[in-house]
Amino acid sequence: LKLMHATQIHAPPVTPYYTPSIAVATMASSPSALRLTRLLTTAKTRSVLRSNRAGVLTSPFSANVHLEATATGNIRSFSSASPVQVEQHVNNSNTTRLPNNDRERNALYPSGEERSMAGVTASVRHDWTKSEIAEIYDLPFHELMYRAATVHRMYWNASEVQQCTLLSIKTGGCTEDCSYCSQSTRHKTFVKPEPTMKVQEVLRAAQAAKDAGSTRFCMGAAWRELGNKKNAFNHILDMVRGVNGMGLEVCCTLGMLNAEQAKQLKEAGLTAYNHNLDTSPEHYPKVITTRTYQDRLDTIANVRDAGISVCCGGILGLGEKEADRVGLLHVLATLPEHPESVPINALVTVDGTPLGDNEDIDGVEAFDMIRMIATARIVMPRSMVRLSAGRLSFSDAEQFLMFQAGANSIFNGEKLLTTANPEFDADMALFNKLGYVGKPAHQGPMVSPAEEQGIVVTKVEGSGRRSMEQAA
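A look at the overall build of the protein chain
When helices and strands are counted, the protein chain shows 16 helices and 22 strands. Counting the 472 residues in the protein chain, one finds 56% classified as buried. Looking at the protein chain alone, contacts between residues at least 24 apart form 73% of all its contacts between residues at least 6 apart.

Rendered as structure tokens:
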């Protein structure tokens, strides 16, 4: 192939990505451009190139990179104002992957795209109403499960589950009054304040997590905000650089961040930042009074503006009503960009905390988690949904239903900050039992088999309805 052998582009080999045929076919107008596009997106030869109406193949990741097709389908010219990051790749395996960055991944698909499969329709929207989300949440369980599982398979490879490890690098001594948290100085719990861990201690823990199969390493600190903790922040930046250097993705949860701190974390190599909203805006003041809901939204905006992936979800079991669960999902689903990942936690109660000592608060059942996960999957189809705290209380069969409902990420390791969690070996046994595989670090998710095989039918606003296979 002339493109593969004649075009000499100095770029390091990277994981081959998938170019959605529907997006290419919708934009291509000249037969030669479409012919060349087919070449680039067939079999095991994949490219990150797309066609525009002028018949120019362009990379969605760099506006300065383009290859121009001649009438015979050959490459006539190449130009780039900067080194090419992604170009032509030969896939030596049977696995086709999307970009790892959620913004780059989403940019591959046209806005307004609607997908349908097996009688279920889904799309990425930011204009959901509470009543629409409530209608989904309240569906009969069997219907909700069917819709969520179908949407999941339209957008994801259901066999792949991301594995994350969470380490508390600064335990206890937090001045906030979160009524569920064992680390608050306002509550008398088993947790005692500890100093921030040393950089090398954290890196040893990260290596152990990597050896056990984890591909994303998350570091949590029990404080309200970074504020003026310059020395501690410099150590955290070193931790981020070190973990990133191991080939792991890096996530932090450090309380409130300003824009400059978010920028420095991004430059150090941070992949994602976790900052949960916990519950609905209406129920939030009953749970926390030392930080406002807007404070949380501001931190999320700072993280997003710095180019860091946002990890944001909530907790079930805070004494909330079902309307509050819907309210939380409504806030998440109407953000300017959906979070890269949405952790759904079941509260693990701790004696000495207001919620732990409140016998009137009902526990979280598996069906509560499944219903929440399923609704999140439907209203935010391109977000990872993370099955987080509380897994230890659910059976393997119950966890399987959660995966079926759309969860495709977990926290593993024996502890989540201060509460128990399934150990690595137990999770590996569960994966083997259910036939799941882990998502590699710094590699994007596998393409949905339904999308790749042309089973998904898509409709872009202003165009006709077609299957991915027909479009190619």
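Moving on, there is more to tell.
Observations concerning unusual backbone geometry
Notably, alanine 118 is not glycine yet its phi reads approximately 55°, a positive angle. Residue position: alanine 118 is located in the loop between strand E7 (114-117) and strand E8 (120-123). Its identity is not glycine, yet aspartate 278 carries a phi of approximately 75°, on the positive side. Position of aspartate 278 relative to the elements: it lies in the loop between strand E12 (272-274) and helix H10 (293-305).

Quick notes on helix H13 (residues 396-404)
By the burial criterion, the buried members of H13 are Gln399, Met402 and Phe403. For H13, the angular spread of the buried residues around the axis is 100°, confining them to a single face. Buried residues belonging to H13 abut helix H6 (141-155), strand E9 (160-170), helix H12 (366-379), strand E16 (384-387), strand E17 (409-412) and helix H14 (424-434). A positive phi of about 130° marks glycine 406, the residue just after H13.

Structural notes on a negative patch on the surface
On the surface, Asp351, Asp357, Glu359, Asp360, Asp362 and Glu365 cluster together to form a negatively charged patch. Mapped onto the elements of the fold, aspartate 357 is located in the loop between strand E15 (341-346) and H12. Residue aspartate 357 is classed as partly exposed on the basis of its relative accessible area of 49%.

Some points on the confidence of the model for the protein chain
Mean pLDDT for the protein chain: 77, with 74% of residues reaching 70 or above. Across residues 21-93, confidence stays below pLDDT 50; counting only partners more than four residues off in sequence or on other chains, it has 156 contacts. Note that residues 464-472 has pLDDT below 50 and, in this model, 31 contacts with residues that lie over four places away or in other chains.

Considerations on the pattern of salt bridges
Going through the model one piece at a time under the given rule, you end up with 19 salt bridges. A salt bridge links lysine 130 to glutamate 282, with the shortest nitrogen-to-oxygen separation between them at 3.3 Å. Note that lysine 130 is positioned in helix H5 (residues 130-137) and glutamate 282 in the loop between E12 and H10, a separation of 152 residues in sequence. Overall, the relative accessible area of 49% leaves glutamate 282 in the partly exposed class. Connected through shared salt-bridge partners, Glu113, Arg115, Arg382 and Glu451 make up one network.

What to know about the packing of aromatic side chains
The full count for this structure, using the stated rule, is four aromatic pairs. Each ring, one from tyrosine 284 and one from tyrosine 293, has its centre 5.2 Å from the other, and the planes form 85°; the classification is edge-to-face. Under the relative-accessibility criterion, tyrosine 284 is labelled buried at 3%. Centroid distance phenylalanine 431 to tyrosine 436: 6.1 Å. Interplanar angle 80°. Geometry classified as edge-to-face. No difference in accessibility class separates phenylalanine 431 from tyrosine 436, as the two residues are buried.

Side note on the pairing of E17
Covered by surrounding structure in E17 are Ser409 and Phe411 together with Ile410 and Asn412, the residues of both alternating faces. Direction of pairing for E16 relative to E17: parallel, over a ladder of two bridges. Residue pairing across strands places arginine 386 opposite serine 409, the latter belonging to E17. With respect to chirality, the unit in which E16 leads through H13 into the neighbouring parallel E17 is right-handed.

Remarks on the side chain of arginine 291
Within the secondary structure, arginine 291 sits in the loop between E12 and H10. What makes arginine 291 buried here is its relative accessible area of 8%. Of note is the side chain of arginine 291, whose polar atom sits 2.5 Å from the side chain of glutamate 176.

With respect to H5
Ile133, Ile136 and Tyr137 are the residues of H5 that are buried. Angularly, the buried residues of H5 cover 100° about the axis, an arc narrow enough to put them on a single face. The exposed set on the far side of H5, more than 90 degrees from its buried face, consists of Ser131 and Glu135. Taken together, the buried residues of H5 touch H6, helix H11 (322-333) and H12.

Description of the pairing of E15
Counted residue by residue, E15 has six buried out of six residues, so it is predominantly covered. Covered by surrounding structure in E15 are Ser341, Pro343 and Asn345 together with Val342, Ile344 and Ala346, the residues of both alternating faces. As paired strands, strand E14 (residues 314-316) and E15 are joined by three bridges and run parallel to one another. The residue bridging glycine 314 from the neighbouring strand is isoleucine 344, located in E15. Tracing the backbone out of E14, into H11 and back to the parallel element E15 gives a crossover that is right-handed. Here E15 pairs with E16 via four bridges, running parallel.

Quick word on empty space enclosed by the protein
A probe matching the size of a water molecule, rolled over the atoms, marks out where space remains unfilled. Under the counting rule described, the total for this entry stands at six cavities of 30 Å³ or more. The volume enclosed by the second largest cavity comes to roughly 100 Å³. Forming the walls of the second largest cavity are 13 residues, and the residues nearest its centre are Asp102, Arg304, Ile308, Val310 and Glu337. Sorting the residues of the lining of the second largest cavity by element identifies helix H4 (102-107) and strand E13 (309-311) as the ones contributing at least two each.

Focus: the packing of H5 against H12
One way to put it is that H5 packs onto H12 with a least axis distance of 9 Å and a crossing angle of 130°. By the angle between their axes, H5 is oblique relative to H12. In the packing of H5 onto H12, the handedness of the crossing is right-handed. Residues Ile133, Ile136 and Tyr137 of H5 form the contact with H12, whose own contacting residues are Arg371, Met372, Thr375, Ile378 and Val379. Tallied by class, the residues present in the contact of H5 with H12 amount to six nonpolar, one polar and one charged.

Parameters at a glance
Residues numbered from 1 in each chain as written. Predicted model: local features only at pLDDT ≥ 70, side-chain atom pairs only at ≥ 80, totals over all residues. Heavy atoms only, no water. Helix = DSSP H or I, 4+ residues; strand = E, 2+ residues; numbered from the N terminus. Buried < 20%, exposed > 50% of the residue type's maximum accessible area, 1.4 Å probe, protein only. Contact = heavy atoms within 4.5 Å. Arc of directions from axis to C-beta. Patch = residues over 30% accessible without salt bridge, like charges linked within 9 Å, V, L, I, M, F, W, Y side chains within 5 Å. Areas by Shrake-Rupley, 256 points an atom, 1.4 Å probe, with all protein chains shown as cover. Salt bridge = Lys/Arg side-chain N within 4 Å of Asp/Glu carboxyl O. Lys, Arg positive; Asp, Glu negative; His and termini not counted. Charge placed at Lys NZ, Arg CZ, Asp CG, Glu CD. pLDDT = per-residue confidence, 0-100. Phe/Tyr/Trp six-rings, centres within 6.5 Å; stacked < 30°, edge-to-face > 60°. Pairing = 2+ DSSP bridges. Right-handed = clockwise from strand over helix to strand, strands pointing away. Polar contact = N/O pair within 3.5 Å; in protein donor to acceptor, adjacent residues only side chain to side chain. 1 Å grid on protein atoms, 1.4 Å probe; cavity = no way out; pocket = protein on both sides within 12 Å on 5 of 7 lines; lining within 4 Å. Points joined across faces, edges and corners; volume = space filled by probe spheres on them. Axes fitted to C-alpha atoms, helices over the stretch in contact; angles between N-to-C directions. Parallel < 35°, antiparallel > 145°, perpendicular 65-115°, else oblique. Left-handed = near helix turned anticlockwise from the far one by under 90°. Nonpolar A, V, L, I, M, F, W, Y, C, P; charged D, E, K, R; others polar.

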